[in-house]
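# Architecture and fold: a report
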Amino acid sequence: MKSLFKQMNAMFLMAALIAASACGDDNEEPKVEAGSMIKLYNDATLGDVLTDANGMILYVFAKDVAGSSSCLEGCLDSWPIFYTEEAEIGSGLESADFGVITHTNGSMQTTYKGWPLYYYAPAGDGEVEAANSTSGEAVGGVWFVAKPNYTIMYANAQLVGNDGNNYTSDYEEGDGATAYFVNSQGRTIYTFVNDSKDTNNYTASDFSNDAVWPVYTKELDGIVSTLDASDFGTIDVFGESQMTYKGWPLYYFGQDTERGDTKGVSVPSPGVWPVVNKNIAAAE
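Residues numbered from 1 in each chain as written. Predicted model: local features only at pLDDT ≥ 70, side-chain atom pairs only at ≥ 80, totals over all residues. Heavy atoms only, no water.

## Some details on the packing of aromatic side chains
Between two aromatic rings, the relevant description is the distance of the centres plus the angle of the planes. Quick note on the threshold: Two rings belonging to Phe, Tyr or Trp (six-membered ring only in the last case) form a pair when the distance between their centres is within 6.5 Å. Interplanar angles under 30 degrees mark stacking, angles over 60 mark edge-to-face geometry, and anything in between is tilted. The secondary structure listing takes helices from DSSP runs of H or I that are at least 4 residues long and strands from runs of E that are at least 2 residues long, numbered from the N terminus. Each residue is placed in one exposure class: buried if its accessible area under a 1.4 Å probe, protein chains only, is under 20% of its type's maximum, exposed if it is over 50%, and partly exposed if it falls in between.
A complete count under the given rule lists 23 aromatic pairs for this structure. Seen from their ring centres, F82 and Y119 are 5.5 Å apart, and the 90° between their planes marks the pair as edge-to-face. Separated by 37 residues along the polypeptide, F82 in the loop between α2 (75–78) and β4 (88–89) and Y119 in the loop between β7 (115–116) and β8 (143–145) bring together distant segments of the chain. Judged by its relative accessible area of 14%, Y119 falls in the buried class. Both rings, one in F192 and one in W273, keep their centres 4.2 Å apart while their planes meet at 15°; by these two values the pair is stacked. Placement of the pair is F192 in the loop between β11 (177–182) and β12 (222–223) and W273 in the segment after β15 (248–249), with a sequence separation of 81 residues. Each member of the pair, F192 together with W273, is buried. Among the aromatic side chains, those forming a connected cluster through ring pairs are Y190, F192, Y202, W213, Y251, F253 and W273.

If you want it as structure tokens, here you go:
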């Protein structure tokens, strides 16, 4: 009889444990999966900007112009990597503009038009800013919201000439990052020292030399918030519209084949074709 009672008690105990376990599962909060959508949010000041599925703003870093992440170690505490696998692309965006790279720390990172994407954590503790907040815009003059319509973006990197030498912002041989304009795909934009205000003195009437220094013909749309749209204009060059900045006609260099290339800074000698940044003096 005692043996039977022991068996019954064991059965009741087992049933109680199973019931308790089941109740625990029912009361447990479900895990929240990160959304896979990338979409647009219309900010009253900045216009359309990229966000994740939860409305967290996505940013790009001027130092990443070459397409790899330059935000390392402690930097990532303030600028956490954004990555989503097989992202659903929202209206107004093109899936072909997105890609994935491997960060140097081994993490996967989503890119947009070749720019690695990040969140912003203002306190530097990895805690991302509130949804639809753009407090990371222009931080340090090198962090900017990701936008679909940039005509002019900012890069901040070492100038390397076609001769393989490093150059400073004064076009002397040496090391040090320089800020300069690029297009949305990271292609460097230049001016020509022999031009004058709103006058292109380089391009031939038949455009026979345009492959060497192509005129920048884009119409101005989005620019980073540290720039003033009134500094930009256009001129007519033998029937083509060329963008200007502070009166300087703008060009590409034909031998810049990779993102962030600045080969033109040494052609035909350093400083003849300078890169462009907001500190450039107005053309006379």
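This is not the end of the story, as more comes after the structure.
## Considering the state of the cysteines
Quick reminder of the rule: In what follows, a disulfide is any cysteine sulfur pair within 2.5 Å.
Applying the stated criterion to the full structure yields one disulfide. Two residues, C71 and C75, share a disulfide whose sulfurs are 1.9 Å apart. Classification of the bridge connecting C71 and C75 rests on its S-S torsion, roughly -110°, and on that basis the disulfide is left-handed. C71 sits in the buried class, given a relative accessible area of 0%. Taking the relative accessible area as the measure of exposure, C75 reaches 23% and is therefore partly exposed.

## Structural notes on the pairing of strand β2 (residues 47–51)
What counts is decided by this rule: DSSP calls a pair of strands paired once it identifies at least 2 bridges connecting them.
Most of β2 is tucked away: four of the five residues are buried. Here strand β1 (residues 37–43) runs beside β2; their pairing, made up of five bridges, is antiparallel. Looking at the pairing, Y41 lines up with V49 of β2. Between the antiparallel neighbours β1 and β2 lie three residues.

## Description of the sheet that holds strand β6 (residues 108–112)
An order of β5-β6-β7 is seen for the three strands of this open sheet, with the pairing classed as antiparallel. Edge positions in the open sheet fall to β5 (98–102) and β7, since each of these has one partner strand only. Here five bridges tie β5 to β6, and the two strands are oriented antiparallel to one another. Among the inter-strand pairings, I101 is bridged to a residue of β6, identified as Q109.

## Considering the sheet that holds β15
Taken in spatial order, the three strands make up an open sheet running β13-β14-β15, and their pairing is antiparallel. The open sheet is flanked by β13 (232–237) and β15, the only strands paired with a single partner. Where strand β14 (residues 240–245) meets β15, two bridges bridge the pair, whose relative direction is antiparallel. By the bridge assignment for β15, T244 is matched with P249.

## Some details on the nonpolar core
We apply this condition: Put simply, a nonpolar core is a bunch of buried Ala, Val, Leu, Ile, Met, Phe, Trp, Tyr and Cys residues held in one set by side-chain atoms that sit within 4.5 Å of each other. Whether two residues are in contact is decided by their heavy atoms, any of which lying within 4.5 Å being enough.
Ranked by size, the top nonpolar core spans 67 residues in total, and within it I152, F181 and L227 carry the most contacts. Breaking this core down by element, the ones donating at least two residues are β2, β3 (59–61), β8, β9 (150–160), β11 and β14. Counting residues per element, this core draws most heavily on β9, which supplies seven residues. Ignoring sequence-local partners within four residues, the contact set of I152 consists of F181, V182, I189, Y216, L220, G222, I223, V224, L227, F232 and M243.

## Some details on unusual backbone geometry
The omega torsion of the bond from V267 to P268 falls at -15°, within 30 degrees of zero and hence cis. One can find P268 in the segment after β15. Residue E73 is not a glycine yet carries a positive backbone phi of 45°. Secondary-structure assignment places E73 in the loop between β3 and α2. Positioned with a positive phi, Y171 is a non-glycine residue whose angle comes to about 65°.

## Focus on the environment of Y83
Position of Y83 among the secondary structure elements: in the loop between α2 and β4. Look at Y83 and you get partly exposed, because its relative accessible area is 35%. Residues Y83 and P116, spaced 33 residues apart in sequence, show a C-alpha to C-alpha distance of 9.4 Å. In this view, Y83 contacts V100, M108, Q109 and T110; residues no more than four positions away in its chain are not counted.

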